[in-house]
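Letter by letter, the chains look like this.
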Amino acid sequence: MQQQYKVNNKVFNNITEASAYVTTLNKAVTIQPYTPPTKASIKLTVVRNMLIREMLNWAGSFTQSMSPSTDVDWMYSVEDDTGFSDAGDTWYEDLGNVSFGSNLEWEDAKEDYESAVSNFDSLLCTYDNYTTVDSLSEMLNTMYHTMSDHSSETDSYIGEIRHSIKQFCEGNSNIAHSYDHPRRRTTISFAGNVDKMYKAYMLERNS
């Protein structure tokens, strides 16, 4: 098969045609070798994008679930002149001069939510480098561990996301879940069939 070339979004059958086109442009561009996608690569790309959608939907739902729902009285603390301090639900009206500060429970809730938002934003990138069936497992696992990134493995965030991804995988036959208790590490991987997933997608897409 003759090597084709691509300039921007235009494909040429040979380097001569591509070079001739470049001379008509008023800006510097790059001529790149181009290989048309095969049926197999098209199917794989569709399945990859299906998996990305499912992971982004899971990650987005998880992020929203981490939005702080702390009771208002536990969003702040009070302290009087004697050093007595308590959450905002204490009777502080008759304590005299009191100062107000942020409650630790509120700070933890904010930190968890901010971590989820930051991690979700990190998922918004390009996944074109995952081009084989085997690499789909690496992609899925990387996406999960991007979402699970947090400053501490002893806080509620880690417990919540481990529970969330386990439930998600239990309801998704294309993504497998395993947990290594000694290492306290979750792994997810591709467990589907590319041909079957592609066929199911096209049936739904064209219905």
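Before reading on, note that the structure itself is shown above.
Draft legend 1. Geometry of the overall build of the protein chain. For the protein chain, the count of helices and strands is 6 helices and 8 strands. When the helices and strands of the protein chain are placed in sequence order, the string is β-β-α-β-α-β-β-β-α-α-α-β-β-α. Here the C-alpha radius of gyration of the protein chain, 26 Å, is well above what a compact globule of 207 residues would show, namely 17 Å. Considered along the principal axes of its C-alpha atoms, the protein chain spans approximately 85 × 45 × 40 Å. Averaging the positions of the 16 positive and the 29 negative side-chain charges in the protein chain gives two centres separated by 25 Å.

Draft legend 2. Molecular detail of a negative patch on the surface. A cluster of acidic residues, Asp71, Asp73, Asp86, Asp89, Glu105, Asp108, Glu111 and Glu114, forms a negative patch at the surface. Of the residues forming the negative patch, the biggest block, 4 residues, is contributed by helix H3 (residues 104-122). If you trace the backbone, Glu111 turns up in helix H3.

Draft legend 3. Examining the sheet that holds strand E5 (residues 85-87) more closely. Across the sheet, 3 strands lie side by side as E5-E4-E6; this open sheet has antiparallel pairing. This sheet does not close on itself; its edge strands, each paired only once, are E5 and strand E6 (98-102). This sheet shows a mean twist of 25° between the axes of neighbouring strands, independent of strand direction. In the sheet, strand E4 (residues 76-80) pairs with E6 via 5 bridges, with the strands oriented antiparallel. Among the inter-strand pairings, Glu79 is bridged to a residue of E6, identified as Ser99.

Draft legend 4. View of the pairing of E4. Across 3 bridges, E4 lies against E5 in antiparallel orientation. Within E5, the residue paired with Val78 across the bridge is Asp86. Between E4 and E5, which pair antiparallel in sequence order, lie 4 residues; one of them, Gly83, sits at a positive phi of approximately 100°.

Draft legend 5. Broad picture of the side chain of Thr70. Inspection of the secondary structure assignment puts Thr70 in the loop between helix H2 (39-65) and E4. The contacts of Thr70, once residues within four sequence positions are left out, are Met75, Glu105, Trp106 and Ala109.

Draft legend 6. Region of interest: H3. The first and last C-alpha atoms of H3 sit 27 Å apart over 19 residues, in line with the 27 Å expected at 1.5 Å per residue. Residues Trp106, Ala109, Asp112, Ser115, Ala116 and Asn119 constitute the buried set of H3. Among the structural elements, H2, E6, helix H4 (133-148) and helix H5 (156-170) are those in contact with the buried residues of H3.

Draft legend 7. Main features of the packing of aromatic side chains. A complete count under the given rule lists 9 aromatic pairs for this structure. Pairing Phe12 with Tyr21 gives two aromatic rings, centres 5.2 Å apart and planes at 35°, and the pair type is tilted. In this structure Tyr21 comes out as partly exposed when scored by relative accessible area, which is 21%. Considering the side-chain rings of Trp58 and Phe62, the 6.2 Å spacing of their centres and the 25° angle between planes classify their relative orientation as stacked. Taken together, the residues Trp58 and Phe62, both in helix H2 and 4 residues apart, mark about one turn of the helix. Residue Trp58 shares its accessibility class with Phe62, and that shared class is buried.

Draft legend 8. Seen up close, the pairing of strand E7 (residues 175-180). Here E7 pairs with strand E8 (residues 185-190) via 6 bridges, running antiparallel. Counted as the bridge partner of His177 is Ile188 from E8. The hairpin turn running from E7 into E8, its antiparallel successor, is 4 residues long, and Arg184 in that turn takes a positive phi close to 55°.

Conventions we followed
- Residues numbered from 1 in each chain as written.
- Predicted model: local features only at pLDDT ≥ 70, side-chain atom pairs only at ≥ 80, totals over all residues.
- Heavy atoms only, no water.
- Helix = DSSP H or I, 4+ residues; strand = E, 2+ residues; numbered from the N terminus.
- Rg over C-alpha atoms; globule rule 2.2 N^0.38 Å.
- Lys, Arg positive; Asp, Glu negative; His and termini not counted.
- Charge placed at Lys NZ, Arg CZ, Asp CG, Glu CD.
- Patch = residues over 30% accessible without salt bridge, like charges linked within 9 Å, V, L, I, M, F, W, Y side chains within 5 Å.
- Areas by Shrake-Rupley, 256 points an atom, 1.4 Å probe, with all protein chains shown as cover.
- Salt bridge = Lys/Arg side-chain N within 4 Å of Asp/Glu carboxyl O.
- Pairing = 2+ DSSP bridges.
- Axes fitted to C-alpha atoms, helices over the stretch in contact; angles between N-to-C directions.
- Contact = heavy atoms within 4.5 Å.
- Expected span 1.5 Å × (residues − 1).
- Buried < 20%, exposed > 50% of the residue type's maximum accessible area, 1.4 Å probe, protein only.
- Phe/Tyr/Trp six-rings, centres within 6.5 Å; stacked < 30°, edge-to-face > 60°.

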